[in-house]
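Structural overview for review
Spelled out from the first residue to the last, the chains are:
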2 protein chains.
Amino acid sequence: MNVEIIVIGDELLIGQVTDTNSGWIARELNHIGWEVTEITTVRDRVREITDALDSSFSRVDVVLMTGGLGPTKDDITKQTLCAYFGGKLVFDEAVFANVEAIFRRRNLQMNASTHDQAYVPDVCTVIQNPVGTAPVMWFEREGKVLVSMPGVPVEMKTVMQETVIERLRKHFCDHSAILHRTCLVKDFTESRLSETLTGFEHDLPSCIKLAYLPTPGVIRLRLTARGDDEASLQPILDRAFAKLKSLLGHHLFCDVDATLAGALGRLLSKRGETLATAESCTGGNIAHEITRVAGSSAYFKGGIVAYSNAVKEHVLHVSPDTLERCGAVSRDTVLQMTAGVQRLLSVDCAIATSGIAGPGGGSVEKPVGTVWVAARYGDREQAECFLFEGDREQVIARATQSGLLMLIRLMTE
Amino acid sequence: MNVEIIVIGDELLIGQVTDTNSGWIARELNHIGWEVTEITTVRDRVREITDALDSSFSRVDVVLMTGGLGPTKDDITKQTLCAYFGGKLVFDEAVFANVEAIFRRRNLQMNASTHDQAYVPDVCTVIQNPVGTAPVMWFEREGKVLVSMPGVPVEMKTVMQETVIERLRKHFCDHSAILHRTCLVKDFTESRLSETLTGFEHDLPSCIKLAYLPTPGVIRLRLTARGDDEASLQPILDRAFAKLKSLLGHHLFCDVDATLAGALGRLLSKRGETLATAESCTGGNIAHEITRVAGSSAYFKGGIVAYSNAVKEHVLHVSPDTLERCGAVSRDTVLQMTAGVQRLLSVDCAIATSGIAGPGGGSVEKPVGTVWVAARYGDREQAECFLFEGDREQVIARATQSGLLMLIRLMTE
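Here's a quick rundown of the structure. (Residues numbered from 1 in each chain as written. Chains lettered and ligands numbered in written order. Predicted model: local features only at pLDDT ≥ 70, side-chain atom pairs only at ≥ 80, totals over all residues. Heavy atoms only, no water.)

Quick look at the sheet that holds strand β10 (residues 208-215) of chain A
Residue and element names in this part refer to chain A. Basically, it comes down to this: Strands were regarded as paired on the criterion that DSSP finds at least two bridges between them. Only DSSP runs of H or I covering at least 4 residues are called helices, and only runs of E covering at least 2 are called strands; the numbering of each starts at the N terminus. Axes, fitted as lines to C-alpha atoms, cover a helix only where it is in contact. Angles between the N-to-C directions of the axes lie from 0 to 180 degrees. Any two residues whose heavy atoms approach within 4.5 Å at even a single point are treated as in contact.
Pairing within the open sheet is antiparallel, and its four strands lie in the order β10-β11-β9-β12. The sheet is open, and its two borders are formed by β10 and β12 (252-254), each paired with just one other strand. Here the strands of the sheet are splayed against their neighbours by 35 degrees on average, with no regard to which way each runs. Strand direction decides the pairing type here: strand β9 (residues 177-186) and strand β11 (residues 218-227), joined by 10 bridges, are antiparallel. The residue of β11 that forms the bridge with R181 is L223. Across the sheet, helix α16 (residues 392-412) lies against β9, β11 and β12, angled at about 85 degrees from β9, the strand it touches most.

Here you go:
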């Protein structure tokens, strides 16, 4: 079943808010074998919303809509949909009771515009929103379905999981299956990898597609199988994935979809080992990437952001002589940082960085983008000097990925 | 000038990658007074790409496209656009030289599919991509413009900033001058602020517009002046901004456009004071936010990511009795964390966090989203317990902003 998403809100089109709802919806629908085929983001304007609806309904039978349901004047989705489906707004006691209950729970005062939240189109089925005041509206026309949901992620996710997905499945009785297998591959350029896999791609059964999702240093490969039922697809996909694994050998270092930090976390968890960070130029971003992963407290003990030389010296015990002689951006410094944090926090593995993120601070010998990265695993260690292109943010991001990848290499060599 | 964005890539429609390019483009165009009116996200399919193009061109004169330009088989944008504009692919020496140079710089081997990157439609103007191998293609038809750019953010941003925006302005004879003044306002809801500024807004000269950009806890106000020449606009804008400052008093805590961390950095720089962080649940994200700001090494000495209790106890000297009696997520713990890091790193100010980012680890008394935040300025300190809604990422982000804002409040009270 193909689905389109329409995302509504001026704030998205001036870049103030990033839409993460669509991606989440796409992932959820994939689990039931449904596919999001297009996402349209429009402003809070009647004409743009109805045009997008017309377009979407010309291509698919299910449209999921998020946003534009707040109590303020600029949110016009409810009125627009009411007119589009030829209804009128009526006061709904159940919705009002829900709004009242939520205001009570949050210790807020009701006012005229909250009262308006309880008016809903008489041509839709209302789905109660247990975590917010904006009602969820289910419209049907000629067998097609539109579900309008709030843009607040926690509200949308709750109603999708608790009600909408189940109701959509029931309504359409569709059972086509889509399965994915994703892996992470290191030390390959996209083009060399594509060359290596030409034969593999050619021999793939027609129900399976291979996609490349490159990031600096690492390529994500995704096999997608599409067919009538999961049971017969699974072994075909498994065979293709096994073949891929054997072709890629040690280049394939993670056989599920994960961030680099997530892949590192899986390695550490499997081995029951612990990790710490000692960051200068990445300024805490490596620790942040690691701790974005749920459950990371099982293997990540903590880190030192040693931005000033004083912290490098007094907390991490980098020798003042090294700092004086080689400078903070040097092989000796980053190696002493990993060793220092490994001792200080009693961990098995450590990552360290020291570099010039820019825009200031560069010199002829050490231009902006110069970053020394070190990794330590037990008593094995490695350090490398990179020269990253791009602005401060990009240098930090690249140094972060390089640090994570360096430790993964050291652990899987 | 209205602009539409078409984002291409299967990975976006299965939710594997989140599109942050569109938001960035929207913000950049906003600065020159252009407006993104619609964003369409489509799969790597010829028909879907050309249909989206037809639709967009029926509404606007400028379409910016990102993605689908890699060297692999699933990326079909170049071939699709070539056919759409009625051209054929030809080998381009300059593009080839650029690809070669990038491969040399990165110490990589060329192969057949990298060679293919040098084939470009003979009906477009090629804009060299200085940081990647995929060429940027500028197409024109009946006065309308399509620019196809790589989906890799660093590549897209570089060509937009270095070439595309300027060329678009020139092409559409947009010589109008646009000036902005932005400030950050705390402790106001959007509706109370808009009430406070009703008279001010009413009295603004017609060449100046006021925009509200609210984020949790802080509202960004932007005055935009638009006219024929900068010299006459500047004093008008300066007068309006001065009036705004006098109206908002101490609520206005930063008179340039900055992140919260940037605003805090300006305060610290002005006073010649230093900062350190002690983070548990935010896992390094506060340090990361602080060090994203260029020049932050002048006031940020470093931080401790105290993810495990052992680090809180042994590095920050949080009392084991406190950890035992009150738990790691408590007022006493975060206050001892700020005091501990202030002593350890010899700084004037400190921020600390300890909480439950989820999805695991919650309890009845301390559910997921519970975060204690503390700030310390000299010997003054403050701590507050928050209950943030949302998933792990949102809890981390909200706790980060709350920590930064708490120290700003403490410094400006």
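Observations concerning the packing of aromatic side chains
Residues and elements named next belong to chain A. Here is the rule: Each pair of aromatic rings taken from Phe, Tyr and Trp, with Trp reduced to its six-membered ring, is defined by centres within 6.5 Å and is described as stacked if the planes are under 30 degrees apart, edge-to-face if over 60, and tilted in the remaining cases. To sort residues, take the accessible area from a 1.4 Å probe on protein chains only and compare it with the maximum for the residue type: under 20% means buried, over 50% means exposed, and anything in between is partly exposed.
A complete count under the given rule lists 14 aromatic pairs over all chains for this structure. Plain terms: the ring middles of F91 and Y119 are 5.3 Å apart, the flat faces sit at 70 degrees to each other, and that makes the pair edge-to-face. Placement of the pair is F91 in strand β4 (residues 89-91) and Y119 in strand β5 (residues 119-121), with a sequence separation of 28 residues. Note on Y119: relative accessible area 30%, which makes it partly exposed. Ring geometry for F386 and F388: centres 5.1 Å apart, planes at 10 degrees, overall stacked. For F386, a relative accessible area of 19% translates into the label buried. When its relative accessible area of 6% is taken as the criterion, F388 is described as buried.

Observations regarding the pairing of strand β2 (residues 35-42) of chain B
Buried residues dominate β2 of chain B, accounting for seven of its eight residues. Pairing between strand β2 (residues 35-42) of chain A and β2 of chain B: five bridges, direction antiparallel. The residue of β2 of chain B that forms the bridge with T41 of chain A is I39 of chain B. Here strand β1 (residues 2-8) of chain B pairs with β2 of chain B via seven bridges, running parallel. Its bridge partner being in β2 of chain B, I6 of chain B is matched across the sheet by T40 of chain B.

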